[in-house]
Amino acid sequence: MKPYDHAVLGCLLHDIGKFFERAEMLGHYRDDTEKCQSYCPKNAEKGYYSHRHVLHTLAFCELLAEKVPQIRPEEHQTIATADQNWVNLASFHHNPSSKEDNHLEKLVQAADHFASAEREQGNFYQQGINKKTRLESLLGRVKIGEIARDNDSFLPLSQCDLSKSHIFPKRASLSGMEKNDKTWLSQQSLAADYRSIAEKFIAELDGLQSFTANVAKEKLARSTMRSLLSLMEHYLSQVPAATNVIHPDISLFDHLRITSSIGEGLYLYHQQITEPARFKDEKTPKWQLVCGDFSGIQKFIYKITGKGAAKGLRGRSFFIQLLCDAVSEQIIRSLGLYPTARIYSSGGKFYLLVPSHLKTQVHSIADSVNKALLDEFQGEVFLGLGFTDICGGDFKEGNMGKRWKEVNEDLQKQRLQPFKAQASEDIECFAGQAQHEYGACRICGRDDAKADINSGQNCRQCQNLEDMGQKLADARYLFWVWGENRPTVTNKFQGRFFKMPLPGTDCDLYLLEREPEFSELTDLTESHLEVLNEWTGFNANPQGYSQGIRYVGKWQSEKDNGSRDFKDFADSAKGISRMGILRMDVDNLGEIFIRGLNFGKNNESMGSLSRVATVSRQLHLFFAGYLHRILDEFKRSQIIYAGGDDVFIIGSWDELPLVAQKIRDEFSQYCANNPCFTLSGGIATVGGRYPISRAADLAGETEEQAKHLQRGEKHKDALSFLETTIGWESFNDAVRLRDTLLEIVKKTNSQAIIDRLRQVVIAVDEIKAREKTGKFEEMIYWDKWRWRLVYNLKRMAKRYPEVEIQLEGLQQQLITPQTLANRQPVMEWLQLPVRWAEFLMRSKTND
């Protein structure tokens, strides 16, 4: 391994000892005087050694070197001296040597300093505080337009498993915590909880890849780090990094990986200049924050016509997720960087932190990617990039928010001129093309000669995406095969498994139902295996490929009989035979990222690298991961796409409103009931043979209607269903009214009540149409429909005394004027329960 590799790995592991110190594990050096003198700073005034967590870091690094001997420091780099190997670099960061040759220890210290600058510093400290602190819910801290938000929600101290008990925040009082001055602390030591996680973490090290083949140590280090990052995210993403701060909202996982990213940039920047290394310099731009964004993805996903659209839609939405990750990984690998350079990747956008002198290379790689995208997608999908300078001072609280704004502004400039570089190099790139001999593709409509259309009239692209959508339902693993590993795996698999080349990258992706098998001497250190949705632990492999997990919203194959026909959803619906399409996403997400993290001392932005990445990662975990748990309860609904911050679900029309409400309620709890996080959605109802692409458009239109709902000072946070938009605060009232109508119809064996209320809805709509000013609420409540309805309900009550109570309650609810703040009057959403009840009673033979 080269000094570069030692520096990056040392940065990644520098504070991992905090985890084991709190768990009261790996502490055999704590009372070793010689080790304390070497690794720990000494308090000259009080005469004791501080920061003893570095001794736990040392013990863990030695254990890791034992588990993966191929990355063990050379024999002459002994643990007892300050030589520049990753074990010592991780352990000496609080007590670096003054020797000039040991400058990498100062690099790790500087990277830790910059990464720690995002914390809201405080002098709060008491004995044992490190074992009494939980991770504060960052989603609970977000605020928009508030002077202050008092958050008392904390994440469970556990690994990241997809259950409420593991990933949902709890109120401090329900977690055995009390407020001490300004900080919430557990009343009891959490050492046992820490130990439970730490023991599992250490046990997982046995599953790290081994390396039978003779491979360069630099490749071994990168492969090992990929697996370590997966382990750290699973076990450390709900462990606080710092415990002596008022708001411990940054996880140890995020602190370690951001430190590694910063340290890598420091090393590479100073390596290419001749000046003496000034690692703690705060004014020189040593990094570039890079924002990558794919435009045109919505048009690409829904550009489907005709047969095969269902599987194609699943495949296209999943493909875009993978393409975003693959392209960001291509940039990282082409630059020779470690995976910690990626801050996050989700929803068609990624952020990277790269050394400043590599900006030109990033541009060049992006141009190559866009050339491949232009060839593959005929200009429909474009990778835009934005850049901004980052200096050491930008990592301080209040500064990084400005850089986020700058990088996105720079991105918007490039998006105005898509494929500019490609057009300047080849003016014919957008010229007309000859038509294909088979005509147009029956799915996407593409008809150029390069479309590679088969005799079944599917172009190669649509066929691959349709096959991906089909295979995804049964896939349990994704196998990412990069670079020189590609021909090796192609020869081994010999077409037995589905393979998708990712355009613009040096990667083949395989969808597998079981783990791959290879001979022991096969070198696969450039490859990465991901299990889908359920952490199963690592299985040691001698080929050296790394391992991880990917959460992805996908079709649950156990719910159907294998046909996976959309018509089945309509046929299994209650009442009218219709399929439903639900689309939902988080309201005001851009606002949340721009202003939602402004909770610094003077209301300045605290949108550090870690915090922005955490918000994105936690939203993705809910939608791509936990959403599956919600859908388990609904047997007639399936996920087409879920990830980032939005959802696309199909199902029987009558079940989807309940699915939407469940998602909204669970999401609110997941965000610590923070009113800044709301969901709006739309449900379109269509026949089972209706073109799914058009149905998706209809659902998108209804979702937009929900996002334009205003009632008082409240807006969005709504559902549009059956041509009615209703705020979630009124949804349960509509459900109760629907149930009342169904009960009346059942007891009277008559649908007269439905007819009467339909007349009321028509009358109200006529009044709205006449009154262009919109000031029609008072007029509505004193129109003639009132006395007509009262008269009809009284007659019904005499005829059907068994429903007199229900009719009286219904009358009061409808004729009483309402002045509730930030709520819609009943008349604005009355159509919903009326039509809902009517559709549920409709015979399938009378659609």
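So, here's what we can say about the structure.

What counts and what doesn't
- Residues numbered from 1 in each chain as written.
- Predicted model: local features only at pLDDT ≥ 70, side-chain atom pairs only at ≥ 80, totals over all residues.
- Heavy atoms only, no water.
- Helix = DSSP H or I, 4+ residues; strand = E, 2+ residues; numbered from the N terminus.
- Rg over C-alpha atoms; globule rule 2.2 N^0.38 Å.
- Buried < 20%, exposed > 50% of the residue type's maximum accessible area, 1.4 Å probe, protein only.
- Contact = heavy atoms within 4.5 Å.
- Areas by Shrake-Rupley, 256 points an atom, 1.4 Å probe, with all protein chains shown as cover.
- Lys, Arg positive; Asp, Glu negative; His and termini not counted.
- Charge placed at Lys NZ, Arg CZ, Asp CG, Glu CD.
- Expected span 1.5 Å × (residues − 1).
- Arc of directions from axis to C-beta.
- Pairing = 2+ DSSP bridges.
- Axes fitted to C-alpha atoms, helices over the stretch in contact; angles between N-to-C directions.
- Core = buried A, V, L, I, M, F, W, Y, C linked by side-chain atoms within 4.5 Å.
- Salt bridge = Lys/Arg side-chain N within 4 Å of Asp/Glu carboxyl O.
- Phe/Tyr/Trp six-rings, centres within 6.5 Å; stacked < 30°, edge-to-face > 60°.

1. Overview of the overall build of the protein chain
If you tally the helices and strands in the protein chain, you get 30 helices and 21 strands. Its C-alpha atoms give the protein chain a radius of gyration of 30 Å, near enough to 29 Å, the size a compact globule of 847 residues would have. For the protein chain, the spread of C-alpha atoms along the three principal axes comes to 95 × 75 × 45 Å. For the protein chain, the proportion of its 847 residues judged to be buried stands at 60%. Taking the intrachain contacts of the protein chain between residues at least 6 apart in sequence as the baseline, contacts between residues at least 24 apart amount to 70%. Summed over all atoms, the accessible surface of the protein chain reaches about 34400 Å², with 46% contributed by carbon and sulfur. The average position of the 108 basic charges and that of the 113 acidic charges among the side chains of the protein chain differ by 4 Å.

2. Notes on helix H9 (residues 191-204)
Compared with the 20 Å implied by 1.5 Å per residue over 14 residues, the 20 Å span of H9 between its first and last C-alpha is a close match. Ala191, Tyr194, Ile197, Ala198, Phe201, Ile202 and Glu204 are the residues of H9 that are buried. Relative to the axis of H9, the buried residues are bounded by an arc of 150° and lie together on one face. Considering only its buried residues, H9 is in contact with helix H2 (17-22), helix H4 (53-67) and helix H10 (217-236).

3. Considerations on the sheet that holds strand E5 (residues 285-295)
The strand order across the open sheet formed by 4 strands is E6-E7-E5-E8, and the pairing between neighbours is antiparallel. Each edge of the sheet is formed by a strand with only one pairing partner; in this case those strands are strand E6 (342-346) and strand E8 (382-391). Neighbour to neighbour, the strand axes of the sheet diverge by 20° on average, direction disregarded. One ladder, built from 4 bridges, connects E6 with strand E7 (residues 349-355); its direction is antiparallel. Within E7, the position partnered with Ser346 by the bridge is Lys349. Each of E5, E6 and E7 touches helix H21 (residues 609-631); the most contacted strand, E6, lies at about 30° to it.

4. Observations regarding the nonpolar core
Core analysis: the largest hydrophobic core is formed by 262 residues, its most contacted members being Phe479 and Ile753. For this core, the element with the most residues is H21, which contributes 13 residues. In contact with Ile753, other than residues within four places in its own chain, are Leu741, Ile744, Val745, Leu793, Met796, Leu807 and Leu810.

5. Quick notes on the pairing of strand E9 (residues 477-482)
Along a regular strand, successive side chains alternate from one face of the sheet to the other. Of all 6 residues in E9, 6 are buried; the element is thus mostly enclosed. Burial along E9 is two-sided: Tyr477, Phe479 and Val481 and Leu478, Trp480 and Trp482, pointing in opposite directions, are all buried. As defined by bridge partners, E9 adjoins strand E12 (residues 528-532) across 4 bridges and the pair is classed as antiparallel. Counterpart to Leu478 in the pairing with E12 is Glu530.

6. Let's talk about the pattern of salt bridges
Taken as a whole and judged by the stated rule, the model has 50 salt bridges. For Lys18, the salt bridge is made with Asp15, and the minimal N-O distance between the two is 3.5 Å. Each member of the pair, Lys18 as well as Asp15, carries the same accessibility label: buried. For Lys219, the salt bridge goes to Asp523, with nearest N and O atoms at 3.4 Å. You can see Lys219 sitting in helix H10 and its partner Asp523 sitting in the loop between strand E11 (507-512) and E12, a full 304 residues away along the chain. For Asp523, a relative accessible area of 21% puts it in the partly exposed group. In this structure, a network of salt bridges that share partners links the residues Lys219, Glu329, Arg333, Arg342, Glu484, Asp523 and Glu526.

7. Remarks on helix H14 (residues 359-377)
Here H14 spans 26 Å end to end across 19 residues, near enough to the 27 Å set by a 1.5 Å rise per residue. For H14, the complete set of buried residues consists of Val362, Ile365, Ala366, Val369, Asn370, Leu373, Leu374, Glu376 and Phe377. Directly beyond the C-terminal end of H14, a positive phi value near 55° is found at Gln378.

8. Observations concerning the environment of Phe569
Relative to the helices and strands, Phe569 is located in helix H19 (residues 566-571). A relative accessible area of 8% means that Phe569 is categorised as buried. In this structure the C-alpha to C-alpha distance between Phe569 and Gly651, which are 82 residues apart in sequence, comes to 5.4 Å. Setting aside chain neighbours within four positions, we find Phe569 in contact with Trp555, Arg578, Met579, Arg636, Ser637, Gln638, Ile650, Gly651 and Ser652.

9. Some details on the packing of aromatic side chains
Per the stated rule, a full pass over the model turns up 39 aromatic pairs. Where Phe19 meets Phe20, the ring centres are 5.0 Å apart and the plane angle is 55°; that geometry is what we call tilted. Phe20 gets classed as buried once you look at its relative accessible area, which sits at 0%. When the ring of Phe721 is compared with that of Trp836, the centres are 5.4 Å apart and the planes differ by 90°; the resulting orientation is edge-to-face. Of this pair, Phe721 sits in strand E20 (residues 718-721) while Trp836 is found in helix H30 (residues 831-841), placing the two residues 115 residues apart along the sequence. Each member of the pair, Phe721 as well as Trp836, carries the same accessibility label: buried. Three or more aromatic residues joined by ring pairs make a cluster, and in this case those are Phe19, Phe20, Phe60, Tyr194, Phe201, Tyr235, Trp535 and Phe538.

What is shown is where atoms sit, not what they do.
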